[in-house]
Each structure stands twice: as structure tokens, then as C-alpha cells.
Amino acid sequence: MSIKRLQVLHRELDACRACPDMIGPVVHGPAVLSPVLLVGQAPGPREGSFGKPFAWTAGKTLFRWLEEATGANEELVRERVYFAAAARCFPGKAKGGGDRRPSPEEVGRCRTYLEREVAILEPQLVLPVGTLAIAEVLGHTGPLSEVVGQKRASRYHGRQVDVIALPHPSGASTWHRTEPGKTLLARALSTLARHPAMKKALG
Ligand code: SF4
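This is a predicted model, so every value here is computed, not measured.

Looking at helix H3 (residues 57-70)
Okay, so step 1: Compared with an ideal rise of 1.5 Å per residue, which puts 14 residues at 20 Å, H3 spans 20 Å between its outermost C-alpha atoms and is within 8% of the ideal.
Okay, so step 2: Buried within H3 are the following residues: Ala58, Gly59, Thr61, Leu62, Phe63, Trp65 and Leu66.
Okay, so step 3: Residues of H3 that are buried make contact with strand E1 (36-40), helix H4 (74-80), strand E2 (82-85) and helix H7 (181-194).
Okay, so step 4: Positive phi shows up at Gly71, right after H3, with a value of about 85 degrees.

The following block contains the structure:
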């Protein structure tokens, strides 16, 4: 693990303009050397101005979930867990409302950064948040109920890792507020709170 290599990568990320339909700025968390890698989907319209991922309403829900499970507040989680994403720029609005889902080409371009982050961090635990991130990490495109609530051993960019998937904490989603989502989310959070990598990261 090397903080310098992460900082170099972040400078490259900040300068990246590879996707013509994406709206900058590039959003990423700080260069945190952590055994836990959280992979979000893509920033929303507000994250760019705050300069950090999960900075708005979905983030409030995500950090509440994590605090209730681990006892660590948002500030500590941001200091100790590395935040990445399937795409690091705001994709813009979709025609039918909501945020546009990044295209496979955009996710493919941004994957090069994820590969390098995995090589630098050598994470033991990966937390994909939301369907796009779950597809990116596990290749799973079926129902959330088939993956949330489990710990899966998986190869991710050449490394053996444990993966604990979370649903997207968006207020527009009812999945995590209705059954079986509520129970599966509680199981996932309890599993991640007990995971040795999470305990090590949060001290
Ligand atoms: S989404 Fe990723 S690859 Fe595309 S411009 Fe933004 S940082 Fe670059």
C-alpha cells in the first residue's frame, strides 16, 4: 500500500476528461490506505460542489446505516474507508427523470482507475453499493435479494476478497424500506460490522 501512488492516481483522476457525456468535476474520496474498499455507482448533481462522494441525501442514509452498525460516525468512516465508484463523474439527468445510468463504455473507462486502486490498496473487503456497483464487482445483474445479506468470497481485479453488497441508499428506492430488503440490509450491515477488515479499518 502506498499513499504516494494513490495521490498520483487522484491527480490523474482529477484531470480525466475521457467521457464526453459526463459532467465534471471528477469526484473521489481522500487517499486513505484502507483494507476496506467501498464502490459506489456515480456521483449525483451535488457531490461535485462538495468535492466528496455521498455528500447529499443518499449519503446521509448510507452513513446512518454504517454508524448504527459499527458505531463509527461519518467523519471516521470517511477517514478510514476508501471510497471509489463505478464512475467518478456525474452522468447528468436521464430523459425520464432521475440520474442517467453511466453507459458500459463509461464504466469501462473508469474501471482502469478501480483496477489500479485495488492493486495499490490490496483490500480484504469490498462493499459495492447499488446495482451498478454490484454488477461491477460481482458481475451480478439479478435481483438484489440474491446478493444483499451475504458475504461472498470473490476474485476482484486479481485479488481474493470478501464482498458484502449493499442496496443503494437513495430515497427514491423502496427496496431497503420494505421486506425482504429491510431484513437483508440489516443482515448485511451486521456482517460488515463484524468483518475483521472493517474492525481493523475503524480501529
Ligand atoms: S467517468 Fe471516469 S473515465 Fe469518465 S471522465 Fe469521469 S473520471 Fe474519467
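Some thoughts on the sheet that holds E2
Okay, so step 1: The 5 strands lie next to each other as E2-E1-E3-E5-E4, forming an open sheet whose pairing is mixed. Strands with a single pairing partner mark the edges of an open sheet, and in this sheet they are E2 and strand E4 (151-156). Averaged over neighbouring strand pairs, the angle between their axes works out to 35 degrees when direction is ignored.
Okay, so step 2: Pairing of strand E3 (residues 125-128) with strand E5 (residues 159-164), which is carried by 2 bridges, proceeds in the parallel orientation. Bridged to Leu125 within E5 is Asp162.
Okay, so step 3: Docked against the sheet, helix H5 (residues 104-121) engages E1, E2, E4 and E5, running at close to 155 degrees with respect to E2.

Focus on the site of the ligand
Okay, so step 1: Within the structure, the ligand sits among Leu13, Cys16, Ala18, Cys19, Val26, Arg88, Cys89, Arg109 and Cys110.
Okay, so step 2: By residue class, the composition of the shell around the ligand is 7 nonpolar, no polar and 2 charged.

Looking at the packing of aromatic side chains
Okay, so step 1: Inspection of every chain in the model, using the stated rule, returns 3 aromatic pairs.
Okay, so step 2: Where Phe50 meets Trp56, the ring centres are 5.7 Å apart and the plane angle is 35 degrees; that geometry is what we call tilted.
Okay, so step 3: The exposure class of Trp56 is partly exposed, given its relative accessible area of 33%.
Okay, so step 4: Relative to Phe83, the ring of Phe54 lies with its centre 6.2 Å away and its plane at 70 degrees, an arrangement referred to as edge-to-face. In this pair, Phe54 is assigned in the loop between helix H2 (47-50) and H3 and Phe83 in strand E2, connecting sequence segments 29 residues apart. Here Phe54 and Phe83 have matching classes, each one buried.
Okay, so step 5: The structure contains a cluster of three or more aromatic residues connected by ring pairs, namely Phe54, Phe63 and Phe83.
Okay, so step 6: Across the ring face of Trp56, the terminal group of Lys60 is positioned such that the distance to the ring centre comes to 5.8 Å.
Okay, so step 7: Sitting above the plane of the Phe83 ring, Arg78 keeps its charged end 5.9 Å from the centroid.

What counts, and at which threshold
- Residues numbered from 1 in each chain as written.
- Predicted model: local features only at pLDDT ≥ 70, side-chain atom pairs only at ≥ 80, totals over all residues.
- Heavy atoms only, no water.
- Helix = DSSP H or I, 4+ residues; strand = E, 2+ residues; numbered from the N terminus.
- Expected span 1.5 Å × (residues − 1).
- Buried < 20%, exposed > 50% of the residue type's maximum accessible area, 1.4 Å probe, protein only.
- Contact = heavy atoms within 4.5 Å.
- Pairing = 2+ DSSP bridges.
- Axes fitted to C-alpha atoms, helices over the stretch in contact; angles between N-to-C directions.
- Near = heavy atom within 4 Å.
- Nonpolar A, V, L, I, M, F, W, Y, C, P; charged D, E, K, R; others polar.
- Phe/Tyr/Trp six-rings, centres within 6.5 Å; stacked < 30°, edge-to-face > 60°.
- Lys NZ or Arg CZ within 6 Å of the ring centre and 35° of its normal.

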